[in-house]
Every structure is written in C-alpha cells, then in structure tokens.
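Each chain, written out:
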Amino acid sequence: MSQIDNNKGIALVTALLFTLISLGIVMALLAIVTQGTRVSGANKAYKTATEAGYGAVDLIARDIMPAIFKGNFDATYKLNLADAIGMVITPGTCFDQKVSSSTALWTTCTAQATTAVPTQSPDMTFNLKASNDSTGYKVFAKIIDTRCGGDTAAGQPCSNSDTSGVDYLDVGGGVASASGTVTPQQRPAYFRIEVQSQRATNPREKAEMSVYYAY
C-alpha cells in the first residue's frame with residue numbers, strides 16, 4: 001500500500017474557511033448595529049410620545065378638570081381650547097355621570113365608554129403640537145372609574161362642596177392655619193383616567209398611562 005503525501009489545495013481550503021469566518025463576523029456586527037439603531041429609534045419615539053402624554057395629563061389635571069368642576073367650562077373656555085389644541089369633550093349624560101357619580105351609578109354609559117382603552121369612546125380628545133412638529137400628537141383621555149370620598153352617602157352623587165381646585169401641597173400653603181389647626185382639604189371624588197398619546201401621522205408611535213386623580 002502506498003501512502004498519499006499531497007498537500008495541494010490545503011491553502012485554498014484554509015483561505016475559504018477564514019473568508020467564511022470573516023463574513024460571519026461582519027454579518028453579526030451588521031445585525032447588532034441594525035438592531036441597535038432600531039431599538040434607539042423606537043426608544044426615542046416612545047419617549048417623545050410619553051412626554052406628550054405627560055403634558056396632556058398636566059393640562060387635564062390643572063386646567064380642564066378644575067374648570068369643569070367649578071362650572072367655569074363655558075363656551076368661551078371651550079372655544080379657546082378648541083382653537084388652540086382642537087379639543088373635543090364628548091357631551092352627554094354619561095360624561096356628566098362620570099364626573100359627578102361613582103362608577104356603580106353610570107347607568108347611561110356604554111360598555112366601550114368604560115373600558116381601559118382610551119381610544120374607545122374617549123371622553124376628550126385634543127392635539128398637542130411643537131414648533132418643529134406641525135402635526136403633533138393626538139391625545140385620547142377617558143375616565144373609567146370614579147370613587148366618591150368624604151361623607152358621600154352610598155348610592156348618592158359625589159359631594160362636591162369644595163370647588164376651589166386649590167392644591168395646597170403645590171402652592172406651599174399646606175393645610176395648617178396660622179393658629180396651628182389642621183384642616184384637611186376635602187377630596188369629594190377620586191378618578192382613574194386612562195390617557196393615550198400617539199403621533200398624528202403614525203399611530204404606532206404611542207404611549208399609554210393610567211392616572212389617579214383626586215379633586
């Protein structure tokens with residue numbers, strides 16, 4: 001038996017193996033870079049949508065809801081908001097019950113009006129724009145749960161005797177008088193509000209948040 005001693009072609013095979021390994025490394029790096037770019041873009045879009053949602057919550061909590069409770073949400077106020085942000089508040093008995101009665105007394109609200117999905121039968125919608133974004137973000141907000149506080153009797157509308165809308169913790173005055181007497185602010189109602197903000201031109205860029213609001 002004769003022994004075969006021929007190394008021809010080994011260099012070619014070795015070069016091909018190194019080429020294949022190099023291509024694999026390059027493809028892996030490209031995949032990592034591409035995935036990182038996608039994640040970064042998605043995070044930026046979500047963060048922007050979230051910031052729009054925070055702005056919407058601040059507007060609802062500090063302006064819209066107090067104006068409704070104090071009875072100052074007249075035609076002029078609504079017209080100003082409609083001109084500025086295109087705000088629409090769904091009128092009707094259901095919304096009136098949501099802001100004045102506990103959830104168990106919402107007899108005129110449909111099933112969609114009470115789901116946790118803000119885009120289904122929202123109570124209010126408006127558009128927030130920026131100087132560099134003329135289309136902005138569309139905001140949907142909906143009250144899905146109301147709990148009466150204070151001395152409200154069972155089965156009765158929420159007692160709303162304190163309509164000042166003053167947040168004592170925010171203004172720094174506290175709840176203690178000069179004499180040291182502590183007088184807690186009334187909290188006649190507590191609301192759970194679902195908010196969704198989404199880019200007007202691309203609804204896939206969105207953020208959702210659940211807000212616990214006490215007035």
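Chemist: It is not clear to me how the state of the cysteines should be interpreted in this structure. Could you clarify?
Modeler: In a disulfide, the sulfur atoms of two cysteines are covalently bonded to one another. Scanning the model with the defined rule gives 1 disulfide in all. Across the disulfide, cysteine 94 is cross-linked to cysteine 109 (sulfur-sulfur distance 2.0 Å). Between cysteine 94 and cysteine 109, the S-S dihedral sits near 105°, and the bridge is therefore right-handed. Here cysteine 94 is found in helix H3 (residues 93-100), whereas its partner cysteine 109 is found in the loop between H3 and strand S2 (124-130), with 15 residues between them in sequence. Look at cysteine 94 and you get buried, because its relative accessible area is 16%.

Chemist: Which parts of the structure should I look at to understand the confidence of the model for the chain?
Modeler: When pLDDT drops low, the exact placement of atoms in the prediction is not to be read closely. Per-residue pLDDT for the chain averages 76, and the proportion of residues at 70 or more is 71%. Helix H4 (residues 168-171) is the least confidently modelled element of the chain, averaging 47 in pLDDT, while strand S4 (residues 189-199) averages 89, the highest of any element. Here residues 171-176 is a poorly scored stretch, pLDDT under 50, and it has 10 contacts once near neighbours within four places are set aside; other chains count.

Chemist: I keep staring at the nonpolar core and nothing clicks. Help me out?
Modeler: Taken as a class, soluble globular proteins show a tendency for nonpolar side chains to be buried jointly. With 32 residues, the main nonpolar core has Ile60, Ile64, Phe126, Ile193 and Val195 as its most contacted residues. Of all the elements in the fold, those that place two or more residues in this core are helix H1 (10-69), helix H2 (75-85), H3, S2, strand S3 (133-148), S4 and strand S5 (202-214). The element best represented in this core is H1, accounting for 8 residues. The residues contacting phenylalanine 126, other than those within four sequence positions of it, are Ala56, Leu59, Ile60, Ile64, Ile85, Gly86, Met87, Tyr137, Lys138 and Val139.

Chemist: Explain the pattern of salt bridges here, please?
Modeler: All told, the structure shown has 5 salt bridges when counted by the stated rule. Of the charged contacts in the structure, one is a salt bridge between arginine 62 and aspartate 58, with a shortest N-O distance of 2.9 Å. With a gap of 4 residues between them, arginine 62 and aspartate 58 both fall in helix H1, about one helical turn apart. Overall, aspartate 58 belongs to the partly exposed group, its relative accessible area being 39%.

Chemist: Please explain the sheet that holds strand S1 (residues 88-89) as it appears in this structure.
Modeler: Picture the strands of a sheet paired through backbone hydrogen bonds; they go either parallel or antiparallel. The 5 strands lie next to each other as S1-S2-S3-S4-S5, forming an open sheet whose pairing is antiparallel. Both outer strands of the open sheet, S1 and S5, are each paired with one neighbouring strand and no more. Of the strand pairs in this sheet, S2 and S3 are connected by 6 bridges, and their pairing is antiparallel. Bridging from a neighbouring strand, asparagine 127 pairs with lysine 138 of S3.

Chemist: Which parts of the structure should I look at to understand the environment of isoleucine 144?
Modeler: The topology assignment puts isoleucine 144 in strand S3. On the accessibility criterion, isoleucine 144 (11% relative accessible area) is buried. Taking C-alpha positions, isoleucine 144 is 9.6 Å from aspartate 123, a pair spaced 21 residues apart along the chain. For isoleucine 144, the contacting residues outside a window of four places in its chain are Thr103, Trp106, Thr114, Thr115, Ala116, Arg192 and Glu194.

Chemist: How should I be thinking about the packing of aromatic side chains in this particular structure?
Modeler: Each aromatic ring pair is characterised by the separation of its centres together with the angle its planes make. This model, assessed by the stated rule, comprises 2 aromatic pairs. Residues tyrosine 190 and tyrosine 212 carry aromatic rings whose centres are separated by 6.0 Å and whose planes lie at 10° to one another, so their mutual orientation is stacked. Taken together, the positions of tyrosine 190 in strand S4 and tyrosine 212 in strand S5 put the pair 22 residues apart, joining distant regions of the chain. By relative accessible area, tyrosine 190 is classed as partly exposed at 24%. When the ring of phenylalanine 191 is compared with that of tyrosine 213, the centres are 6.3 Å apart and the planes differ by 35°; the resulting orientation is tilted. With phenylalanine 191 in strand S4 and tyrosine 213 in strand S5, the pair connects residues that are 22 residues apart, well separated along the chain.

Quick notes on the rules
Residues numbered from 1 in each chain as written. Predicted model: local features only at pLDDT ≥ 70, side-chain atom pairs only at ≥ 80, totals over all residues. Heavy atoms only, no water. Disulfide = S-S within 2.5 Å. Helix = DSSP H or I, 4+ residues; strand = E, 2+ residues; numbered from the N terminus. Buried < 20%, exposed > 50% of the residue type's maximum accessible area, 1.4 Å probe, protein only. pLDDT = per-residue confidence, 0-100. Contact = heavy atoms within 4.5 Å. Core = buried A, V, L, I, M, F, W, Y, C linked by side-chain atoms within 4.5 Å. Salt bridge = Lys/Arg side-chain N within 4 Å of Asp/Glu carboxyl O. Pairing = 2+ DSSP bridges. Phe/Tyr/Trp six-rings, centres within 6.5 Å; stacked < 30°, edge-to-face > 60°.

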